[in-house]
Amino acid sequence: MSVVNNSYLTPVSFILNGIPGLENMHMWISFPFCSMYAVAVIRNCGLLYLICCEDSLHRSMYYFLAMLSLTDLVMCTTTIPKALCIFWFRLKEISFNDCLVQMFFIYTSTRMESGVLMLMALDRYVAICYPLCYSTILTNPVIAKVGLATFLRVVLLVTPLTFIIKRLPYCKENILYHTYCDHMAVAKLSCGNIKINVIYGLTVALLIGGFDILCITISYTMILRAVVSLSSADAQQKAFSTCTAHICAIVFSYSPAFFCFFSHRFGGHKIPPSCHIIVANIYLLLPPTMNPIVYGVKTKQIRDCVIKILLGSKDIKSHSI
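As the structure is a computational prediction, the values presented were derived from the model and not from experiment. (Residues numbered from 1 in each chain as written. Predicted model: local features only at pLDDT ≥ 70, side-chain atom pairs only at ≥ 80, totals over all residues. Heavy atoms only, no water.)

1. Topic: the layout of surface pockets
No. 1: Within this model, the second largest pocket holds a volume of roughly 540 Å³.
No. 2: Along the wall of the second largest pocket there are 20 residues; nearest its centre are R124, A127, K238, A239 and T242.
No. 3: Among the secondary structure elements, those contributing two or more residues to the lining of the second largest pocket are α3 (60-89), α4 (96-129), α9 (233-266) and α11 (300-320).
No. 4: For the lining of the second largest pocket, the per-class residue count stands at 10 nonpolar, five polar and five charged. (1 Å grid on protein atoms, 1.4 Å probe; cavity = no way out; pocket = protein on both sides within 12 Å on 5 of 7 lines; lining within 4 Å. Points joined across faces, edges and corners; volume = space filled by probe spheres on them. Helix = DSSP H or I, 4+ residues; strand = E, 2+ residues; numbered from the N terminus. Nonpolar A, V, L, I, M, F, W, Y, C, P; charged D, E, K, R; others polar.)

2. Examining the environment of Q102
No. 1: Tracing the backbone shows Q102 in helix α4.
No. 2: Through-space distance from the C-alpha of Q102 to that of D182 is 9.0 Å; in sequence the pair is 80 residues apart.
No. 3: For Q102, the contacting residues outside a window of four places in its chain are T78, T79, K82, I94, Y180 and C181. (Contact = heavy atoms within 4.5 Å.)

3. Quick notes on the state of the cysteines
No. 1: According to the stated counting rule, one finds two disulfides in the structure shown.
No. 2: For C171, the disulfide goes to C191, at an S-S distance of 1.3 Å. Taken together, the positions of C171 in the loop between α6 (140-166) and β3 (175-176) and C191 in the loop between α7 (183-187) and α8 (195-228) put the pair 20 residues apart, joining distant regions of the chain.
No. 3: With a relative accessible area of 30%, C171 lands in the partly exposed category.
No. 4: Look at the protein chain and number its bonded cysteines as they come in the sequence; the links are 1-3, 2-4.
No. 5: Unpaired in terms of disulfides, C85 finds its nearest cysteine sulfur in C34, a separation of 11 Å. (Disulfide = S-S within 2.5 Å. Buried < 20%, exposed > 50% of the residue type's maximum accessible area, 1.4 Å probe, protein only.)

4. Let's talk about the packing of α6 against α8
No. 1: The geometry of α6 relative to α8 is characterised by a closest axis approach of 10 Å and an angle of 165° between their N-to-C directions. For the element pair α6 / α8, the angle class is roughly antiparallel. At the point where α6 passes α8, the crossing takes the left-handed sense. When α6 is examined against α8, the residues R153, V154, L156, L157, P160, L161, I164 and I165 are found in contact with a partner set consisting of I196, N197, Y200, G201, V204, L207, I208, F211 and D212.
No. 2: For the contact of α6 with α8, the per-class residue count stands at 13 nonpolar, two polar and two charged. (Axes fitted to C-alpha atoms, helices over the stretch in contact; angles between N-to-C directions. Parallel < 35°, antiparallel > 145°, perpendicular 65-115°, else oblique. Left-handed = near helix turned anticlockwise from the far one by under 90°.)

5. With respect to unusual backbone geometry
No. 1: Its identity is not glycine, yet R90 carries a phi of approximately 55°, on the positive side.
No. 2: Residue placement: R90 occurs in the loop between α3 and β2 (93-95).
No. 3: What makes R90 exposed here is its relative accessible area of 64%.

6. Describing empty space enclosed by the protein
No. 1: Inspection of every chain in the model, using the stated rule, returns one cavity of 30 Å³ or more.
No. 2: The space that makes up the largest cavity amounts to roughly 60 Å³.
No. 3: M61, F64, M120, D123, R124, T242, A245, H246 and Y295 together form the lining of the largest cavity.
No. 4: Secondary-structure elements contributing two or more residues to the lining of the largest cavity are α3, α4 and α9.
No. 5: Of the residues contributing to the lining of the largest cavity, the split by class is five nonpolar, two polar and two charged.

7. Description of the packing of aromatic side chains
No. 1: Within the structure shown, the criterion is met by nine aromatic pairs.
No. 2: Each ring, one from F33 and one from F87, has its centre 5.8 Å from the other, and the planes form 75°; the classification is edge-to-face. Taken together, the residues F33 in helix α2 (residues 26-53) and F87 in helix α3 connect sequence positions 54 residues apart. For the pair shown, F33 and F87 are each scored as buried. (Phe/Tyr/Trp six-rings, centres within 6.5 Å; stacked < 30°, edge-to-face > 60°.)

8. A look at the UniProt feature "transmembrane region" (unreviewed entry) in the protein chain
No. 1: If you check UniProt for "transmembrane region" (unreviewed entry), the listed places come out as residues 27-50, 62-89, 142-165, 198-219 and 239-262 in our numbering.
No. 2: The annotated region residues 142-165 carries 100% helix and 0% strand content, and the separation between its end C-alpha atoms amounts to 36 Å. (UniProt positions renumbered as here; feature names shortened; annotations may be inferred.)

9. Some thoughts on the sheet that holds β2
No. 1: Reading across the sheet, the three strands line up as β2-β1-β3 and stay open at both edges, with mixed pairing between neighbours. If you trace the sheet from one side to the other, it starts and ends with β2 and β3, each paired once.
No. 2: With two bridges connecting them, strand β1 (residues 13-16) and β3 associate as parallel partners. Along β3, the bridge assignment pairs I15 with I175.
No. 3: Where α4 meets the sheet, it contacts β1 and β2, and its direction lies at approximately 85° from that of β2. (Pairing = 2+ DSSP bridges.)

10. Description of the pattern of salt bridges
No. 1: Per the counting criterion, the structure on display carries four salt bridges.
No. 2: With a shortest N-O distance of 3.0 Å, R153 and D212 are connected by a salt bridge. On the criterion of sequence distance, the pair formed by R153 in helix α6 and D212 in helix α8 is long-range, its members being 59 residues apart.
No. 3: Accessibility expressed as a relative area gives 21% for R153, which makes it partly exposed.
No. 4: For K300, the salt bridge goes to D304, with nearest N and O atoms at 2.8 Å. (Salt bridge = Lys/Arg side-chain N within 4 Å of Asp/Glu carboxyl O.)

Next up, the structure:
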């Protein structure tokens, strides 16, 4: 009986209530979510297949792009299928441990996305500022090491989030007004002091996001200086065009991230909760959807490989007929 009467218990499960205030529109909201998720999975899997199979894409730029695609797949698959289950089947329950696992993969993939974008900026810096040394600087072992270091950095900083959530005492309330297990949304259900959660969450965001943004800014400052110093307008345009897809990826990733970060801290009471949650889902869904499309359109080598595969399949069909 003493266990039952204890008001501080680790909850067996949480109830993910979806988007508050828009429950009647869940079915309509699910269609763009489902469409974007399908595009993200198909395009990113296709891009990974292309990079794996085409020898001409076995270069550092495309290896980093493969890391980005893999990260994007994890990021959207961790959240969107559960959101669709909430919208379509009202399957709102998620166990406490599953919630922690989902939280870990969400924050690992989003922070990894930032890290890979930083590595891609450094790749563009080396390619434009040191073109003759590009292949000797960014060798396969170097790419593997920096990729592993970026992943380990994220895991080491994100893993404590799950432990400081698990240590908190919880009362009877177990309803999360969200589509996934957000760190602060779960922490606010606790009866305990969540100051450590607030401080650590902000520290991780600044250590990873702040450092990555600083590196990206420095890289593009150096790139801009190098491009402006080129005498030929054609050379300048070609140099800028190699960065276009990456700049678009940065915009798709950081724009909703900045909105979520600043609106929670400076405009939390003015912006409806439904807006916060929709943008939070867009933050996890927009980059995986748009990145492979942008790189497919803006990168000539990828376009050529797609055309080559399509023409090859047509030739096979014509011969079989």
